[in-house]
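Overview (structure and organization)
One-letter residues, chain by chain:
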Amino acid sequence: MIDFPFAVVAFDLDGTLADTAPDLTAALNHALGRMGRPPIPAEDVRHMVGHGARALLQKGLSATGEVNEALIEEGFPILLDYYYAHIADHTRPFDGLEAALDTLAARGVKLAICTNKLEGLSRELVDALGWQDRFVALVGGDTLPVRKPDPAPLLEAIARAGGGRAAFVGDSITDTDTARAAGIPCVAVTFGFSDRPVDQLGADRLIDHFDELVPALLALG
Ligand SMILES: O=C(O)COP(=O)(O)O
Ligand SMILES: [Mg+2]
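Residues numbered from 1 in each chain as written. Chains lettered and ligands numbered in written order. Predicted model: local features only at pLDDT ≥ 70, side-chain atom pairs only at ≥ 80, totals over all residues. Heavy atoms only, no water.

Details of the sheet that holds strand S4 (residues 110–114)
With parallel pairing, 6 strands are arranged side by side in an open sheet as S5-S4-S1-S6-S7-S8. On the outer flanks of this sheet lie strand S5 (137–139) and strand S8 (205–207), each paired with one strand and no other. Between one strand axis and the next, the sheet turns by 20° as a mean value, whatever way the strands run. Bridge analysis of strand S1 (residues 8–11) against S4 gives 4 bridges, and the strand direction is parallel. Residue valine 8 lies in a different strand from S4, and its bridge partner there is lysine 110. Packing against the sheet, helix H9 (residues 213–220) makes contact with S1, strand S6 (166–170), strand S7 (186–189) and S8, and its axis sits at approximately 170° to S8. (Pairing = 2+ DSSP bridges. Helix = DSSP H or I, 4+ residues; strand = E, 2+ residues; numbered from the N terminus. Axes fitted to C-alpha atoms, helices over the stretch in contact; angles between N-to-C directions. Contact = heavy atoms within 4.5 Å.)

What follows is the structure, encoded as structure tokens:
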């Protein structure tokens with residue numbers, strides 16, 4: 001029985017469910033260091049996340065010197081190997097997340113993840129955080145031939161979670177663009193990795209803490 005205006009709530013991963021910036025920063029800086037580049041401060045790396053690990057490396061190389069396909073090919077496996085081995089050394093859920101997920105689950109809402117993180121990395125992280133039973137669907141950046149802001153991955157995640165009325169929760173312009181393209185209401189968190197002021201994302205609701213998620217969704221319903 002669903003006791004809620006939405007049958008499915010889908011979530012972005014990096015910067016929305018979990019603060020992955022410390023481990024992503026370590027992985028990027030490990031790869032940059034091996035390539036003779038200086039490290040990039042975590043605060044700058046936060047705003048480079050959201051388009052997948054390859055885009056992260058591309059931005060990291062470009063911030064520290066020359067960038068081309070050959071350099072990305074060289075650094076990508078170094079970054080990935082390190083990140084797989086250290087995926088949750090310092091990554092933590094944002095405050096209040098798990099209580100909000102419990103409330104939604106208790107009301108019969110199905111929970112899904114739609115991220116541009118590679119599906120394998122995303123599953124590894126979900127397992128490391130003990131979230132295997134919380135999410136019934138996960139669509140990553142390489143699950144389909146297209147990724148966010150194309151609406152297809154979000155629609156796929158919702159369908160895999162059983163379909164019905166859905167909302168999306170994210171932290172970036174990619175997420176709000178995806179939701180709009182899919183015709184789905186969007187809540188944006190203000191504590192994520194957005195590269196621009198969050199009030200410019202065009203979200204239907206903004207939340208400063210996960211305690212505000214359920215009321216925000218009810219207001220959208
Ligand atoms: O850049 C990434 O690794 C993916 O980021 P996302 O979970 O915010 O889509
Ligand atoms: Mg994100």
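Now, onward.
Focus on the site of ligand 1
Near ligand 1 the following residues occur: Asp12, Leu13, Asp14, Val49, Gly50, His51, Gly52, Thr115, Asn116, Lys117 and Lys148. Within the backbone of asparagine 116, a nitrogen or oxygen atom sits 2.8 Å from an oxygen atom of ligand 1. For ligand 1, the protein covers 97% of the area, taking 290 Å² as the surface of the free molecule. Spatially, ligand 1 is embedded in the largest cavity. Its residues placed into classes, the shell around ligand 1 shows 2 nonpolar, 5 polar and 4 charged. Both domains that meet at the shell around ligand 1, namely domain 1 (8–19 + 92–220) and domain 2 (21–85), each give it at least three residues. (Near = heavy atom within 4 Å. Polar contact = N/O pair within 3.5 Å; in protein donor to acceptor, adjacent residues only side chain to side chain. Areas by Shrake-Rupley, 256 points an atom, 1.4 Å probe, with all protein chains shown as cover. 1 Å grid on protein atoms, 1.4 Å probe; cavity = no way out; pocket = protein on both sides within 12 Å on 5 of 7 lines; lining within 4 Å. Sits in = over half its atoms within 2 Å of the grid points. Nonpolar A, V, L, I, M, F, W, Y, C, P; charged D, E, K, R; others polar. Domains from an automatic or database assignment.)

Regarding the domain arrangement of the chain
How big an interface is tends to be expressed through the accessible area that disappears when the partners come together. Looking at the chain, the domain boundaries give domain 1 (8–19 + 92–220) and domain 2 (21–85). Here the C-alpha centroids of domain 1 and domain 2 sit 24 Å apart. With 15 residues of domain 1 at the contact, the number on the domain 2 side is 13 residues. Its largest share of buried area at the contact with domain 2, domain 1 owes to Asp19, Leu121 and Phe193, together 40% of the area lost on that side. (Buried area = accessible area lost by both parts, 1.4 Å probe.)

Some thoughts on the coordination of the magnesium ion (ligand 2)
Here the magnesium ion (ligand 2) is held by Asp12 (OD), Asp14 (O) and Asp171 (OD), and the distances to it run 2.2 Å. In the primary structure, the donors to the magnesium ion (ligand 2) are separated according to the pattern D-x1-D-x156-D. (Donors = N, O, S within 2.8 Å, 3.2 Å for Na, K, Ca; no water.)

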